[in-house]
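Residues per chain are reported as follows:
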Amino acid sequence: MNSVRKFGLVNSIEGYSYLILLFIAMPLKYYFGMPEFVKIAGMIHGILFVAFSFLLVEAWTVTKWRFSENVIFFTASLIPFGTLYTKNRIKNYE
């Protein structure tokens, strides 16, 4: 599996973990008093975000895409549903 495909896979999984953290774990914590879900989902999301960051740099060095693409990919990972937007951009580089 090449670096761009790995990055695309982790991009999707990290995006879904962010949505789970925001829209499932956080409401469970604040509305139902169940903070353990945030701990679990937060740790998983954190690990995936670190992997996302490393794979972003790796894919960038292999494909030599513009720095602005990195900024777009990174910024989109901070916005809910942002990684869904970048899925098609990543497929262009595969």
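For the structure, see preceding data.
Once a new chain begins, its residue numbering starts again from 1 and follows that chain's sequence as written. Where local features are concerned, this predicted model is filtered to residues with pLDDT of at least 70; where side-chain atom pairs are given and counted, the filter is 80 or more; whole-chain, interface and lining totals use all residues. Side-chain descriptors were evaluated using all non-hydrogen atoms of the structure, hydrogens and water having been removed beforehand.

*Asks:* For the side chain of N11, give the residues involved together with the corresponding values.
*Replies:* Every helix listed is a DSSP run of H or I at least four residues long, and every strand listed is a run of E at least two residues long, numbered separately from the N terminus. Its place among the elements puts N11 in helix 1 (residues 3–32). The buried label applies to any residue whose accessible area, calculated with a 1.4 Å probe on protein chains only, is under 20% of its type's maximum; exposed applies above 50%, and partly exposed to all values in between. Using a relative accessible area of 0% as the deciding quantity, one classes N11 as buried. In terms of polar contacts, N11 uses its side chain to reach the side chain of T86, at 3.2 Å. What makes two residues a contact is simply this: any of their non-hydrogen atoms within 4.5 Å. Contact partners of N11, with chain neighbours within four places excluded, come to F52, T83, T86, K87 and I90. Throughout this description, a polar contact denotes any pair of N or O atoms lying within 3.5 Å of each other; where both atoms belong to protein, one of them has to be capable of donating a hydrogen while the other can accept it, and for residues adjacent in sequence the pair is counted only when both atoms sit in side chains.

*Asks:* I'd like a rundown of the pattern of salt bridges, residues and numbers included.
*Replies:* What makes a salt bridge here is a side-chain nitrogen of Lys or Arg within 4 Å of a carboxyl oxygen of Asp or Glu, nothing more. In total, this model carries three salt bridges according to the counting rule given. Between E69 and R66 there is a salt bridge, with the nearest N and O atoms lying 3.5 Å from each other. Accessibility expressed as a relative area gives 55% for R66, which makes it exposed. Across the pair E69 and R89 runs a salt bridge, and its minimum N-O distance is 2.7 Å. Here the residue E69 occupies a position in helix 3 (residues 67–78), and R89 occupies one in helix 4 (residues 82–93), the gap between them amounting to 20 residues.

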